[in-house]
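As a plain string of letters, each chain reads:
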Amino acid sequence: MAKKPLIVGNWKMYLASAEEAKKFASGLRRKLPLYKNIDVSIAPPFTLLSATVAAFKNSAVKVGAQSVSQFLDEKRTGEVSAAMAKASGATFAIVGHSERRAMGETNAVVRAQLMRALEENLSIILCIGETERDHAGAYLSVVTEQLSSALDKLPIIKTGKLVIAYEPVWAIGKSADDAMKGPDLREMSIFIKKTLTEYMERSAALKVPILYGGAVEASNARTLLQEGDVQGLLVGHASAQLDSFIEILKSVSHK
Ligand code: PGA
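In this text, all values refer to a predicted model and were calculated from it rather than measured experimentally.

Reading guide: rules and limits
- Residues numbered from 1 in each chain as written.
- Predicted model: local features only at pLDDT ≥ 70, side-chain atom pairs only at ≥ 80, totals over all residues.
- Heavy atoms only, no water.
- 1 Å grid on protein atoms, 1.4 Å probe; cavity = no way out; pocket = protein on both sides within 12 Å on 5 of 7 lines; lining within 4 Å.
- Points joined across faces, edges and corners; volume = space filled by probe spheres on them.
- Nonpolar A, V, L, I, M, F, W, Y, C, P; charged D, E, K, R; others polar.
- Phe/Tyr/Trp six-rings, centres within 6.5 Å; stacked < 30°, edge-to-face > 60°.
- Helix = DSSP H or I, 4+ residues; strand = E, 2+ residues; numbered from the N terminus.
- Buried < 20%, exposed > 50% of the residue type's maximum accessible area, 1.4 Å probe, protein only.
- Lys NZ or Arg CZ within 6 Å of the ring centre and 35° of its normal.

Colleague: Would you explain empty space enclosed by the protein in this entry?
Modeller: To find leftover empty space, one rolls a probe the size of a water molecule over the atoms. In the structure shown here, the tally under the stated rule is one cavity of 30 Å³ or more. Estimates place the volume of the largest cavity at around 80 Å³. Considering only residue class, the lining of the largest cavity consists of four nonpolar, seven polar and two charged.

Colleague: Looking at this structure, how should I read the packing of aromatic side chains?
Modeller: Two measures describe an aromatic ring pair: the distance that separates the ring centres and the angle between the ring planes. Using the criterion set out here, one finds two aromatic pairs in the structure. With centroids separated by 4.9 Å and ring planes inclined at 65 degrees, the aromatic side chains of Trp-11 and Phe-24 adopt a geometry described as edge-to-face. Here Phe-24 lies in helix H1 (residues 18–31) and Trp-11 lies in the loop between strand S1 (6–10) and H1, a separation of 13 residues in the sequence. A residue is classified by how much of its surface remains accessible, and Trp-11, at 0% relative accessible area, is buried. Residue classification places Phe-24 among the buried residues on the basis of a relative accessible area of 4%. Relative to Phe-245, the ring of Phe-24 lies with its centre 6.0 Å away and its plane at 45 degrees, an arrangement referred to as tilted. Here the residue Phe-24 occupies a position in helix H1, and Phe-245 occupies one in helix H10 (residues 242–253), the gap between them amounting to 221 residues. Sitting above the plane of the Phe-71 ring, Arg-76 keeps its charged end 3.5 Å from the centroid. In this structure, Arg-133 is placed above the aromatic ring of Tyr-139, and the distance from its NZ or CZ to the ring centre is 3.8 Å.

Below is the structure:
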């Protein structure tokens, strides 16, 4: 298992008010001394970015955006730019989440979002993953295409700025039993690392953390990390409740 796994909570639209975010943060902060061997990040909705950043101030928890706009110009009603996310205190941005791809964000859009985030010096969690698994292995080309369109000829991606979150879409939002199995994940993790070496130097590629996401709960978190050879987890529904999120940290930190 990775020395210091990275556990990212993606709050999606689960939390609505600053009060909820603050309550979550103060509860988590009380427990953090127990989990010094884990890196924890939280991605609240845009409306809660500032409040969440403030609530985790002077703690080791990093706070980031769930997405950023692909656009730079201001005439984009309803969009949130990377600069706005950064000004709200975000230190990273998730790009390419499958729930956004499902709303029409193409590989080209994801690439543009990644560029915008990099321009603002935000770290990036690039989400990739196939919608379905076929026996012929076409899912591998889906993943390759997502990686290549995002990373090909990327102007200097500094090591440490990029995290890949592999999230098979068929597992997202399900319960632990439906998550990917460890050995399959290990295979995919090796495949991703190998693909990354085509877009950056081998030594840099090997340092890019790979996360797994999709139906992560306390009951499967540790096994996925151990058997799947991934460096962390991207947690959706189970990160929206403090108790279930802490249960995940507990199971991962267990010696
Ligand atoms: P889930 O979501 O943990 O609810 O499956 C994961 C994600 O979408 O990032």
